[in-house]
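A closer look at the structure
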Amino acid sequence: MNKVLLILLLISTQSVLTMHAADSVAVKSSPGPVLGGHLFQPLTGVPGPFIRTVSQVSVGGGTTLNLALPPIVIGDRFVIAPQGSLAIVSMVAAHEQKIKNWLSVYAAFKLVGRLGTNVTSLFYQGVNTATTFNLGWKVKVIETERFLGTLSLDLTNGNVAVIDVNQWVRGIIDSQAVISQNPLIQTKPALFTGLTARSAYAINETFGATAFIEAIYGEAIVRGGSAGVFFNAGFSLNSDLRLVTDVPLALTAGVVYRQTPSVEDSESSSSLVTGSLRFGYSGTQNFSFGLQFNGQYGDVGGEKQAFFIGGALDMRFYY
Amino acid sequence: MNKYYLLFLILVLGASFATAQVHLGVSGYAQKLSLNGDSPEDQIVVAELGYGAGLSLGYFILPEIQLTLGATYDVRNNQVSKILPITDSLVPIGNFRLTSYAVPVGVRIFGGSKTWYFSSGVTLRFHGNASVNAIDSDSSYSVSSAFVKVEGSLYLGFGYMFKIGNMRVVPELRYEQGLSNILNGEPLATLPPSPTLRSTGFSFRLFAEYAFGGGQ
């Protein structure tokens, strides 16, 4: 019996040692994100699971909706109740390189700026800017004719600069002098690492759905804050109207729940929800062009309110 | 019972070496690693050219995936400059040097032609001596106590394997991102509270390895 077991062990071990990494043969190779005959459109905020070589450029902006900020009180004297809006500008440049059919590596550079649109909101909120550089790996876990699942691991290194005029003036009043411990411009490096599970399902050639869930461990953006674990999740539904109306138009709607703090929405004291709608061009697999509108709903000052709307132009080139 | 298990072990190891390959060689590199994060007030730290050299080991677990391990002596150089007010021009005031022993552990994943590859892994640096050479007074100060003894970082790179008989000459360009704060945590008057300093930068490496058994 022992000899039989030993022979079986030898045979199985030889098979393992000579096994090659298997590439899936379930899906025909295509430059763009095609699965089950459906061409998926990317939605900013919902990371896609496709292993492709793609370059991306996105430019976006937005504004808050009559954000009500707490009044400024010095001592027991009411000074001013700031009103107005905050403008946010963002830019993303990214590239993903397919190494094998089951592995890709990606890098992205993101710049976000946020500032008040009038004197009072500019004084109260100042100017925040954040630059982040993100590196990641994406590995295919499962692929069938209609379903694709991947895991990705990424690292984000960022630098946040805050020009807090309100805080600076308060510091001058308190210390009665301009001191180095109270700088006008404060910078804070921040490092995040995240593990994301991504999936795509082709309902039919016209409709498809993508989803993701993400766990992030990172440093606080605010100096002195403690590092923490955050969870994000999202879902999107894509429709390719080209097959129904002969018009190369794709509509994509999505919802993202996010706990990770960000410069753009630091007014929100907790997690927030972002709804998105994208109008995209679906005439080719080699190029993706779309206009995306976002609306954010979150907790500001202890009260749930929709407080941000924005838009973004997104272009991607598939090789 | 024992001789059967010994036979099994010998056959498995023999099959392993018959299908996989071991590369052993040396490596040398030039690097520019900057210290990203909090610099002292009115000062800026700029990366200068550093270098390193050591041993490298590679083991193919699959025809297109190679595990790599290295042990190198690593030198990092940075220049500390003072930012002049109003003009914001830089005046060099000191040269910072940090020596360490680095152990990179990672993988090389080869493309279809099995010549170009993508590499990724982690590097552990065991810091030795850190010093600052003041330019004006031409004197050197040890600042080893300001830095932690072990630093971890992540690297990504790509390279190409040239085959010359059983020799493998491999140039590689690598980007490295520090994961840990290299400051010792002691509060310094010239730094913001909770200061953070991490390494980021590029290195160009050249590996010369011997492929035992030939083949890939």
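Residues numbered from 1 in each chain as written. Chains lettered and ligands numbered in written order. Predicted model: local features only at pLDDT ≥ 70, side-chain atom pairs only at ≥ 80, totals over all residues. Heavy atoms only, no water.

Re the overall build of chain A
What counts here: Only DSSP runs of H or I reaching four residues or more are called helices, and only runs of E reaching two or more are called strands; each is numbered from the N terminus. Remark: exposure states derive from per-residue accessible area (1.4 Å probe, protein chains only) relative to the maximum for the residue type, with buried under 20%, exposed over 50%, and partly exposed in between. Contacts are assigned to residue pairs that have any heavy atoms within 4.5 Å of one another. Reported accessibility uses the Shrake-Rupley method at a 1.4 Å probe radius. Residues are deemed covered only where the shown protein chains occlude them.
A tally of helices and strands in chain A yields four helices and 16 strands. A buried classification covers 45% of the 319 residues belonging to chain A. Intrachain contacts of chain A at a sequence separation of at least 6 include 63% that bridge at least 24 residues. Accessible surface computed for chain A: about 15600 Å², of which carbon and sulfur atoms make up 66%.

With respect to the pattern of salt bridges
Residues and elements named next belong to chain A. What counts here: One side-chain nitrogen of Lys or Arg within 4 Å of one carboxyl oxygen of Asp or Glu is enough to make a salt bridge.
Under the criterion given, the structure shown has 10 salt bridges over all chains. In this structure, Arg278 engages Asp314 in a salt bridge whose closest nitrogen and oxygen atoms are separated by 3.3 Å. A residue pair is termed long-range when its members are at least 10 positions apart, and Arg278 in strand β14 (residues 268-281) and Asp314 in strand β16 (residues 303-318) qualify at 36 residues. When sorted by exposure, Arg278 lands in the same class as Asp314, which is buried. One connected set of salt bridges, linked through shared partners, spans Arg278, Asp314 and Arg316.

Considering a nonpolar patch on the surface
Residues and elements named next belong to chain A. Convention followed: Patch definition: residues above 30% relative accessible area lacking any salt bridge, with like charges linked at up to 9 Å and the nonpolar side chains Val, Leu, Ile, Met, Phe, Trp and Tyr linked at up to 5 Å.
On the surface, Val141, Ile142, Phe147, Leu151, Leu153, Leu195, Tyr201, Ile203, Phe207, Phe235 and Leu237 cluster together into a nonpolar patch covering about 960 Å² of accessible area. Elements that contribute at least two residues to the nonpolar patch include exactly β8 (127-143), β9 (147-163), β10 (185-202) and β12 (228-240). Looking at the nonpolar patch element by element, the count peaks at three residues for β9. Looking at where Phe207 falls in the secondary structure, it is placed in strand β11 (residues 207-218).

Quick look at the side chain of A:Thr274
Under the convention used in this document: Contacts described as polar in this section are N or O atom pairs within 3.5 Å, which, within protein, must combine one atom able to donate a hydrogen with one able to accept it, while residues neighboring in sequence count only if both atoms come from side chains.
Assignment of secondary structure puts A:Thr274 in strand β14. Here A:Gln296 takes part through its side chain, which lies 3.2 Å from a polar atom of the side chain of A:Thr274.

Section: the environment of B:Gly157
All names here are of chain B. Here Gly157 shows up in strand β7 (residues 150-160). Classification of Gly157 by relative accessible area gives buried; the value is 5%. With 19 residues separating them in the primary sequence, Gly157 and Glu176 have C-alpha atoms 8.5 Å apart. Residues contacting Gly157, with those up to four places away along its chain left out, are Tyr117, Phe118, Ser119, Leu173 and Arg174.

Remarks on unusual backbone geometry
One non-glycine residue, A:Asp246, adopts positive backbone phi at about 65°. For A:Asp246, the position within the fold is in the loop between α4 (242-245) and β13 (249-258). The class of A:Asp246 is exposed, set by a relative accessible area of 71%. Although it is not a glycine, B:Lys114 sits at a positive phi angle of roughly 60°. Structurally, the position occupied by B:Lys114 is in the loop between β4 (90-110) and β5 (116-134). The exposure class of B:Lys114 is partly exposed, given its relative accessible area of 29%.

Notes on the pairing of β13(A)
Residues and elements named next belong to chain A. What counts is decided by this rule: Two strands qualify as a pair provided that DSSP identifies no fewer than 2 bridges between them.
On β13, burial follows the alternation: Ala250, Thr252, Gly254, Val256 and Arg258 on one face are buried, whereas Leu249, Leu251, Ala253, Val255 and Tyr257 on the facing-out side are not. Two strands pair when backbone bridges link them, and β12 and β13 are joined in this way by nine bridges, in the antiparallel orientation. Bridging from a neighbouring strand, Asn232 pairs with Arg258 of β13.

Points about the confidence of the model for chain A
Spelled out, the test is: Per-residue confidence from the predictor is given as pLDDT, running between 0 and 100.
Of the residues in chain A, 68% reach a pLDDT of 70 or more, and the chain-wide mean stands at 79. Long-range and interchain partners of residues 8-28 of chain A, a stretch whose pLDDT sits below 50, account for 29 contacts in this model, where long-range means more than four residues apart.

Structural notes on the environment of A:Ala312
Residues and elements named next belong to chain A. Checked against the element boundaries, Ala312 lands in strand β16. We classify Ala312 as buried; its relative accessible area is 14%. A sequence separation of 164 residues divides Ala312 from Leu148, and the C-alpha atoms of the two residues are 27 Å apart. Setting aside residues no more than four positions away along its own chain, Ala312 makes contact with Val59, Gly60, Gly290, Leu291 and Gln292.

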